[in-house]
Amino acid sequence: MANETVFKRYEGNPIITAKAVPRANSIHNSAIVKVADGYRGVFRVDEIDMDYTLHAGYSKDGIHWQLEPERIRMQSDDPEVHMTDQSYDPRITQLGDTFYVTWCNSNANGPCIGLATTKDFKTFKQWENPLPPANRNCVIFPRKINGKYAILHRPSDRGHTPFGDIYYAESPDLVHWGHHRFVFGPRGGWQSMKTGPGPHPIETPEGWLLIYHGVWCSCNGYIYSAGAALLDLERPWKVLYRTKDYLLYPAEAYERVGDVPNVIFPSSATLEQGGKVVRLYYGCADTCISMAEAQMSDLLAWTQEHSFERPRRST
Ligand code: BMA
């Protein structure tokens, strides 16, 4: 199966643009989750002064969205724990009745991971930053692993980070993090410069399905695409399969042209039709948000057939 038949882009793309928020310059790289009565999201809104802010949003069908015009104000008892005006690239994971939001809470010491919990997307409780700077792209697993909260994250530098390895860590209480393990890093071609976790891993019988971004450095700048991996269910730092070929590469005008050209940044995924379909939401060229859908069975088969980890079969 060719990669272009795995994920099909929605014909109405992009689904969210800067028009959704009055002060927005661009809205991209955002977190969306399915709830009982529709969809909720936490959106990266780059405002017209280039503050990066997070805004909550709501949708009935996951396609037509209403975003709050005001940024989220997080609650915290400790003034040292606060959201900065360079907050971006959120992810959301649901565990029980609680939604865990992670994002890049950049401060004077560099990009840093922020953590908050919410039950209603109106009140957000901010926790201690789980990891010190410099770090980006943290996402929480949707269940505990061996009795502990677990994350994937990507240490970085203070700039545009010409490297990127994905690491695993776990915690008994969301405050103290350890058991650090290397998961995977750059490995040739479209993912030769850096890699980073996208949506929270999805549990499947074949392993944790991780959709991730890979970056290569062309003579005209970074190019971001999407691939997939399957990780061991109980030891998720063990890679079972990982795509040698990309799944989605910037091809449409809205992916190629924007504030940062040639970016597909996968950041959230929902399961549709009883888990038969994976809907991927991704940031496009640091400007807007689009979606694409794949049959779960095709995605799992393709990830295994196009993997580094075993010879590819022609089907
Ligand atoms: C993310 C962020 C963005 C950047 C992007 C590409 O990690 O750092 O600001 O432009 O990658 O979408």
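Structure shown above.
The following refers to the structure shown.

Rules used in this analysis
- Residues numbered from 1 in each chain as written.
- Predicted model: local features only at pLDDT ≥ 70, side-chain atom pairs only at ≥ 80, totals over all residues.
- Heavy atoms only, no water.
- Helix = DSSP H or I, 4+ residues; strand = E, 2+ residues; numbered from the N terminus.
- Rg over C-alpha atoms; globule rule 2.2 N^0.38 Å.
- Buried < 20%, exposed > 50% of the residue type's maximum accessible area, 1.4 Å probe, protein only.
- Contact = heavy atoms within 4.5 Å.
- Areas by Shrake-Rupley, 256 points an atom, 1.4 Å probe, with all protein chains shown as cover.
- Lys, Arg positive; Asp, Glu negative; His and termini not counted.
- Charge placed at Lys NZ, Arg CZ, Asp CG, Glu CD.
- Pairing = 2+ DSSP bridges.
- Near = heavy atom within 4 Å.
- Polar contact = N/O pair within 3.5 Å; in protein donor to acceptor, adjacent residues only side chain to side chain.
- 1 Å grid on protein atoms, 1.4 Å probe; cavity = no way out; pocket = protein on both sides within 12 Å on 5 of 7 lines; lining within 4 Å.
- Sits in = over half its atoms within 2 Å of the grid points.
- Nonpolar A, V, L, I, M, F, W, Y, C, P; charged D, E, K, R; others polar.
- Salt bridge = Lys/Arg side-chain N within 4 Å of Asp/Glu carboxyl O.
- Axes fitted to C-alpha atoms, helices over the stretch in contact; angles between N-to-C directions.
- Core = buried A, V, L, I, M, F, W, Y, C linked by side-chain atoms within 4.5 Å.
- Phe/Tyr/Trp six-rings, centres within 6.5 Å; stacked < 30°, edge-to-face > 60°.
- Lys NZ or Arg CZ within 6 Å of the ring centre and 35° of its normal.

## Some words on the overall build of the protein
Across its full length, the protein carries 2 helices and 21 strands. In terms of overall dimensions, the protein is globule-like: its C-alpha atoms have a radius of gyration of 18 Å, near the 20 Å expected for 315 residues. A principal-axis box enclosing the C-alpha atoms of the protein has dimensions of 55 × 45 × 40 Å. Burial status across the protein gives 57% buried among its 315 residues. Restricting to contacts in the protein with at least 6 residues of sequence separation, those with at least 24 account for 51%. Carbon and sulfur atoms make up 50% of the accessible area of the protein, which amounts to about 13,000 Å² in all. Between the mean site of the 33 positive side-chain charges and the mean site of the 36 negative ones, the protein shows a separation of 4 Å.

## What to know about the pairing of strand 4 (residues 52–59)
For strand 4, a buried count of 6 out of 8 residues is recorded, marking the element as mostly surrounded by other parts of the structure. The loop that links strand 3 (residues 38–47) with its antiparallel partner strand 4 comprises 4 residues; one of these, Met50, has a positive phi angle of about 65°. Both strand 4 and strand 5 (residues 65–67) contribute to a ladder of 3 bridges, which runs antiparallel. The partner of Ser59 across the bridge, within strand 5, is Trp65. Between strand 4 and strand 5, which pair antiparallel and follow one another directly, the connecting turn spans 5 residues, one of which, Gly62, has a positive phi of 80°.

## Quick look at the environment of Ile166
Note on placement: Ile166 falls in strand 12 (residues 166–171). Sequence-wise, Ile166 and Leu248 are 82 residues apart; in three dimensions their C-alpha atoms are separated by 19 Å. Apart from the residues lying within four places of it in its own chain, the contact partners of Ile166 are Leu152, His153, Arg181, Phe182, Val183, Phe184, Thr195, Gly196, Pro197, Leu210 and Tyr212.

## Remarks on the site of the ligand
Around the ligand, the neighbouring residues are Asn29, Arg44, Tyr88, Asp89, Arg136, Tyr224, Val260, Val263, Phe265 and Asp286. Here an oxygen atom of the ligand sits 2.4 Å away from a polar atom, N or O, in the side chain of Asp286. For the ligand, whose free accessible area comes to 310 Å², the fraction covered by protein is 85%. Spatially, the ligand is embedded in the largest pocket. Among the residues forming the shell around the ligand, the class breakdown is 5 nonpolar, 1 polar and 4 charged.

## As for the side chain of Arg91
Along the chain, Arg91 turns up in strand 6 (residues 87–95). It is Asp89 that comes nearest to the buried, bridge-free Arg91 among opposite-charge side chains, at 5.1 Å. One polar contact links the side chain of Arg91 to the main-chain carbonyl oxygen of Asp89, over a distance of 2.9 Å. There is a polar contact of 2.7 Å between the side chain of Arg91 and the backbone oxygen of Pro197. Every residue in contact with Arg91, bar those within four places of it in the chain, is listed here: Ala31, Tyr100, Val101, Thr102, Asn137, Cys138, Val139, Pro197, Gly198, Phe265 and Ser267.

## Re the sheet that holds strand 9 (residues 125–127)
Two pairing modes exist for strands in a sheet, parallel and antiparallel, and in both the strands are linked by backbone hydrogen bonds. As summarised here, the arrangement of the 4 strands in space is 6-7-8-9, forming an open sheet in which the pairing is antiparallel. Each edge of the open sheet is held by one strand with a lone partner, namely strand 6 and strand 9. Across the sheet, the axes of successive neighbouring strands diverge by a mean angle of 25°, strand direction being ignored. Sheet topology places strand 6 next to strand 7 (residues 98–105); 7 bridges connect them, and they run antiparallel. Residue pairing for strand 7: Leu95 is matched across the bridge by Thr98.

## Comments concerning the pattern of salt bridges
Using the criterion set out here, one finds 13 salt bridges in the structure. Arg71 is paired through a salt bridge with Asp51; the nearest N and O atoms lie 3.5 Å apart. Of the two residues, Arg71 sits in the loop between strand 5 and strand 6 while Asp51 sits in the loop between strand 3 and strand 4, which places them 20 residues apart along the sequence. Note that Arg143 is salt-bridged to Glu234, the shortest N-O span being 3.0 Å. A residue pair is termed long-range when its members are at least 10 positions apart, and Arg143 in the loop between strand 10 (135–140) and strand 11 (149–155) and Glu234 in the loop between strand 17 (221–231) and strand 18 (239–242) qualify at 91 residues. Judged by its relative accessible area of 23%, Arg143 falls in the partly exposed class.

## Some remarks on the nonpolar core
Among the nonpolar cores identified, the biggest contains 25 residues, and Phe7, Leu209, Leu248, Tyr282 and Leu299 are the most heavily contacted of them. Listed by contribution, the elements that provide at least two residues to this core are strand 16 (207–218), strand 17, strand 19 (264–272), strand 20 (277–284), strand 21 (288–295) and helix 2 (296–305). Setting aside residues up to four positions removed in sequence, Leu248 forms contacts with Phe7, Arg9, Ser225, Ala226, Ile264, Leu280, Tyr282 and Ala292.

## Focus: the side chain of Ser171
On the secondary structure map, Ser171 appears in strand 12. Once residues lying within four places of it in the same chain are set aside, the contact partners of Ser171 are Lys148, Tyr149, His176 and Trp177.

## A closer look at the packing of aromatic side chains
One pass over the structure, following the stated rule, counts 14 aromatic pairs. Judged by centre distance (5.9 Å) and plane angle (25°), the rings of Trp190 and Tyr212 are stacked. You can see Trp190 sitting in the loop between strand 13 (178–184) and strand 14 (194–197) and its partner Tyr212 sitting in strand 16, a full 22 residues away along the chain. As far as the burial class goes, Trp190 and Tyr212 line up, both buried. When the ring centre of Tyr52 is taken as origin, the NZ or CZ atom of Arg44, which lies over that ring, is 4.4 Å away. A cation sits over an aromatic face here: Arg181 above Trp237, 5.6 Å from the ring centre.

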